[in-house]
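Read off the chains here:
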Amino acid sequence: MTPASSSARKEKPIVLGRVSGLYGVQGWVKVFSYTEPREAILGYRDCLLGRDGEWHSARIVEGRRHGKTVIVRMDAVQDRDAAAEWIGADIAVQRSSLPDTLADEYYWADLEGLQVVRRDDRTLGTVAYMLATGAHDVMVVQGDKEILIPFVPGRTVLDVNLADGQIQVDWDWD
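Structure report, in brief.

About the thresholds
- Residues numbered from 1 in each chain as written.
- Predicted model: local features only at pLDDT ≥ 70, side-chain atom pairs only at ≥ 80, totals over all residues.
- Heavy atoms only, no water.
- Helix = DSSP H or I, 4+ residues; strand = E, 2+ residues; numbered from the N terminus.
- Buried < 20%, exposed > 50% of the residue type's maximum accessible area, 1.4 Å probe, protein only.
- Areas by Shrake-Rupley, 256 points an atom, 1.4 Å probe, with all protein chains shown as cover.
- Lys, Arg positive; Asp, Glu negative; His and termini not counted.
- Charge placed at Lys NZ, Arg CZ, Asp CG, Glu CD.
- Salt bridge = Lys/Arg side-chain N within 4 Å of Asp/Glu carboxyl O.
- Core = buried A, V, L, I, M, F, W, Y, C linked by side-chain atoms within 4.5 Å.
- Contact = heavy atoms within 4.5 Å.
- Pairing = 2+ DSSP bridges.
- Axes fitted to C-alpha atoms, helices over the stretch in contact; angles between N-to-C directions.
- Phe/Tyr/Trp six-rings, centres within 6.5 Å; stacked < 30°, edge-to-face > 60°.
- Lys NZ or Arg CZ within 6 Å of the ring centre and 35° of its normal.

Looking only at helices and strands, the protein chain features three helices and 13 strands. Taking the principal axes of its C-alpha atoms as reference, the protein chain extends roughly 60 × 35 × 30 Å. In the protein chain, which comprises 174 residues, the proportion classed as buried is 37%. Accessible area of the protein chain: about 10,200 Å², with a carbon and sulfur share of 47%. Each charge class in the protein chain was averaged separately, 20 positive and 27 negative side chains, and the resulting centres sit 6 Å apart.

Now the structure itself:
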């Protein structure tokens, strides 16, 4: 695998999954996909593999759903030993590779780092990351303390302003 181009390094990659294990002896890996449905990750053939901020260009040449996971074969991984080196690596794409969102839809990566403010203008912190809980997504907000806030537009989330880098919430639970 080759290091990603300098233009690819300027844009923060969007993580779509993680190499979670080995499958067979011919270099296939198991992937824990964050996409919905899980096999949607296979639609992004040109991707990046990385860890610790170092990204390498890769190409998914084949793949399929396998139970609760997805299995893939990458172009530059020819055997089990080479595949083992990538266990734990993130699989990502450039933001420009993702489809545009509809109004009031957001990629988690777009929400991470936004400032979270209550309706009384009290700043609670910034979105550190998002969690999927089944019922609804949850923002993990880092500030004076860590706060978990359900991401429910129209109820707890009053407004998302990507341009201003702010999410307004109706959240009084301290």
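Next up on the list: the pattern of salt bridges. Taken as a whole and judged by the stated rule, the model has seven salt bridges. Close ionic contact of Asp-90 with Arg-18 constitutes a salt bridge, the shortest N to O distance being 2.8 Å. Here Asp-90, found in strand β7 (residues 90–93), pairs with Arg-18, found in strand β2 (residues 14–23); they are 72 residues apart in sequence, far enough to count as distant. Classification of Arg-18 as partly exposed rests on a relative accessible area of 34%. A salt bridge links Asp-120 to Arg-118, with the nearest nitrogen and oxygen atoms 2.6 Å apart.

The next thing to look at is the nonpolar core. Grouped together as the largest cluster of nonpolar side chains are 22 residues, with contacts concentrated most on Val-72, Met-74 and Ile-91. Looking at this core, the elements with two or more residues in it are β2, β3 (28–33), β4 (46–51), β5 (54–66), β6 (69–74) and β7. Beyond its immediate sequence surroundings of up to four residues, Ile-91 is in contact with Ile-14, Val-15, Leu-16, Gly-17, Arg-18, Val-19, Val-31, Ile-41, Cys-47, Leu-48, Leu-49 and Met-74. Counting 16 residues, the second-largest nonpolar core is a separate cluster that includes Leu-114, Met-130, Ile-147 and Val-169.

This paragraph deals with the pairing of β5. Note that β4 and β5 share six bridges and pair antiparallel. Counted as the bridge partner of Cys-47 is Ala-58 from β5. As defined by bridge partners, β5 adjoins β6 across six bridges and the pair is classed as antiparallel. Residue pairing for β6: Ile-60 is matched across the bridge by Met-74.

Before going further, it helps to examine the sheet that holds strand β12 (residues 157–161). A sheet is described by the order of its strands in space; here six strands give the open sequence β11-β10-β9-β8-β13-β12, paired in mixed fashion. The open sheet has two edge strands with one neighbour each: β11 (146–150) and β12. Ignoring which end each strand starts from, the neighbouring axes of this sheet average 35° apart. Bridge count between strand β10 (residues 137–142) and β11: five bridges; the pairing is antiparallel. Its bridge partner being in β11, Val-140 is matched across the sheet by Leu-148.

Here the focus is the packing of aromatic side chains. On inspection of all chains with the given rule, the structure shows two aromatic pairs. Each ring, one from Tyr-106 and one from Phe-151, has its centre 6.3 Å from the other, and the planes form 85°; the classification is edge-to-face. Remark: Phe-151 occurs in the loop between β11 and β12 and Tyr-106 occurs in the loop between β7 and α3 (108–111); sequence separation between them is 45 residues. Above the ring of Trp-28, the side-chain terminus of Arg-64 is found at 5.3 Å from the ring centroid.

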